[in-house]
Amino acid sequence: MPLPQVSSRQFTSGALCISVPHVTPDNTNQQVMALFNTHKALIGLPVLNDQHPVGMINRHHFLSSMSRPFFHELYDSKSCTVFMDNDPLVIDAQTTLNDLAQRVVETGDKAVTEGFILTQDGRYTGIGLGIDLIKTVSELHARQHQQIMQSIDYARVIQEAMLARSRQAISHCLEDWCLFWQPRDVVGGDFYAFYPYAEGWLAVIADCTGHGVPGAFMTVIFSSALEKALTQAPPDAPEKLLQTINQYIKQTLGQTDTRSSDGHSASNDGCDAIALYVDTARGIARWASARTTAFILPADHTSPALLMADRCGIGYVDTPFDGEWTRNERQLLPGDKIVIMTDGVTDQPGDA
């Protein structure tokens, strides 16, 4: 069962309210001592004047002071305000937990150890304890984290479904192939697409900016851009496909005319990508690459041949709207293998 949607902003400080005894300035220190002796768990005693908080008596400070020589004789009959903190943390019961936590942080450890006074329209309602605030916020954050992870897990299902058609097309079209797609953060920014045609096939691989959810959003934009590009350029014109994809991404992300206050685009996102068309009838590989590593492993086991790539990414602010990528061709021999990878393979930390 999905967890209910919770946010610390939905909960107010009043949820932490507990009822405790209180005193007024007319009460004596002897009476305060009796209350602390009766209520062993009471760490702070609110002092009210006509139901309005005027201070807080800290249990530890009060008992330490009254244990000194002759303090009972001197202060038993005096007003409890002698040992009162005149500036306790007073919080309206409608204050959100986020704002309460910020206020507690600003006051230092006093509100955590002594607690804080809660009011409603300025009138006393009870006190809250720092430990209860910590527990509640921690529990909310844990539930929020679980909700986020549930959402990301479902987003992976959607992303995998988006890629499934291409994986199935590869398995039907090619006899010898291998595909490894493993996002670092459940979902990710790597994208692939495969389209079979009567005289060949088209493969498009992209590494979009960002990991996790931001990267996954970019793959959706790239997928839409590719579908549009295929309606405007033939699959055997990979340089035209990349050009159209670049224009679509820049328009989608507002990189053509939208500027922030400092005069720059609000988004500087894009991708590295390669569009590869293989003419199986003539044995020709035709490609255009934007900073993507690819090479051919010859069937005769000679040295791998690097496929040329332009040093210009797709869809970034510095990439011209009408940017062009180089069209490359190479003859293929039976048994040649083409290897394409994103930097997710080479940029892994460690020695892997």
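What this report covers is the structure whose coordinates are included nearby. Owing to the predicted nature of the structure, the values given are computational and were not obtained by experimental measurement.

### Describing the layout of surface pockets
- Looking at the second largest pocket, its volume works out to about 220 Å³.
- Lining the second largest pocket, in full, are A155, I158, Q159, M162, V187, V213, A216, F217, T219 and V220.
- Broken down by secondary-structure element, the contributors of at least two residues to the lining of the second largest pocket are α6 (130-173) and α7 (212-232).
- Among the elements that line the lining of the second largest pocket, the one with the most residues is α7, at five residues.
- Its residues placed into classes, the lining of the second largest pocket shows eight nonpolar, two polar and no charged.

### Regarding the environment of K110
- Looking at where K110 falls in the secondary structure, it is placed in helix α5 (residues 110-114).
- We classify K110 as partly exposed; its relative accessible area is 26%.
- As for K110 and K135, which are separated by 25 residues in sequence, their C-alpha atoms are 17 Å apart.
- With near-sequence residues (within four places) excluded, K110 lies in contact with D85, D87, P88 and G115.

### A look at the sheet that holds strand β13 (residues 337-341)
- In space, the three strands of this open sheet follow the order β11-β10-β13, with antiparallel pairing throughout. The two strands at the open ends of the sheet, each matched to only one other strand, are β11 (305-306) and β13.

### Details of the pairing of strand β1 (residues 44-49)
- In terms of burial, β1 is a largely internal element, five of the six residues being buried.
- Two elements, β1 and strand β2 (residues 52-58), share six bridges in a ladder whose sense is antiparallel. Bridge pairing in β2 places L45 opposite I57.
- Connecting the antiparallel pair β1 and β2 is a turn made up of two residues, with D50 showing a positive phi of about 55°.

### Describing the pattern of salt bridges
- Within the structure shown, the criterion is met by eight salt bridges.
- Note that R165 is salt-bridged to E227, the shortest N-O span being 3.3 Å. Of this pair, R165 sits in helix α6 while E227 is found in helix α7, placing the two residues 62 residues apart along the sequence.
- Take E227: its relative accessible area is 33%, and that puts it in the partly exposed class.
- A salt bridge links R286 to E329; its shortest N-O distance comes to 2.6 Å. Of this pair, R286 sits in strand β9 (residues 284-290) while E329 sits in strand β12 (residues 328-331), placing them 43 residues apart in sequence.
- Given the relative accessible area of 5%, R286 is considered buried.
- Salt bridges sharing partners connect three or more residues here, namely E239, R286, R327 and E329.

### A closer look at the pairing of strand β4 (residues 116-120)
- Burial runs high along β4: four of the five residues are buried.
- Pairing geometry for strand β3 (residues 90-92) and β4, over three bridges, is parallel. In the strand pairing of β4, V90 is matched with I117.
- For β4 and strand β5 (residues 123-128), the ladder comprises five bridges, and the chain directions are antiparallel. Each residue of the ladder has a partner; that of Q120, found in β5, is R123.
- In this structure, the hairpin formed by β4 and β5 is closed by a connection of two residues, where D121 is found at a positive phi of approximately 55°.

### Some thoughts on the nonpolar core
- Formed by 46 residues in total, the largest nonpolar core has its most connected members in F222, L226, I245, I249 and I314.
- When sequence neighbours within four positions are dropped, the list of residues in contact with L226 reads F191, A193, Y195, V204 and I245.
- Within the second largest apolar cluster, 21 residues are counted, among which are V20, V32, M33 and I57.

Parameters at a glance
- Residues numbered from 1 in each chain as written.
- Predicted model: local features only at pLDDT ≥ 70, side-chain atom pairs only at ≥ 80, totals over all residues.
- Heavy atoms only, no water.
- 1 Å grid on protein atoms, 1.4 Å probe; cavity = no way out; pocket = protein on both sides within 12 Å on 5 of 7 lines; lining within 4 Å.
- Points joined across faces, edges and corners; volume = space filled by probe spheres on them.
- Helix = DSSP H or I, 4+ residues; strand = E, 2+ residues; numbered from the N terminus.
- Nonpolar A, V, L, I, M, F, W, Y, C, P; charged D, E, K, R; others polar.
- Buried < 20%, exposed > 50% of the residue type's maximum accessible area, 1.4 Å probe, protein only.
- Contact = heavy atoms within 4.5 Å.
- Pairing = 2+ DSSP bridges.
- Salt bridge = Lys/Arg side-chain N within 4 Å of Asp/Glu carboxyl O.
- Core = buried A, V, L, I, M, F, W, Y, C linked by side-chain atoms within 4.5 Å.

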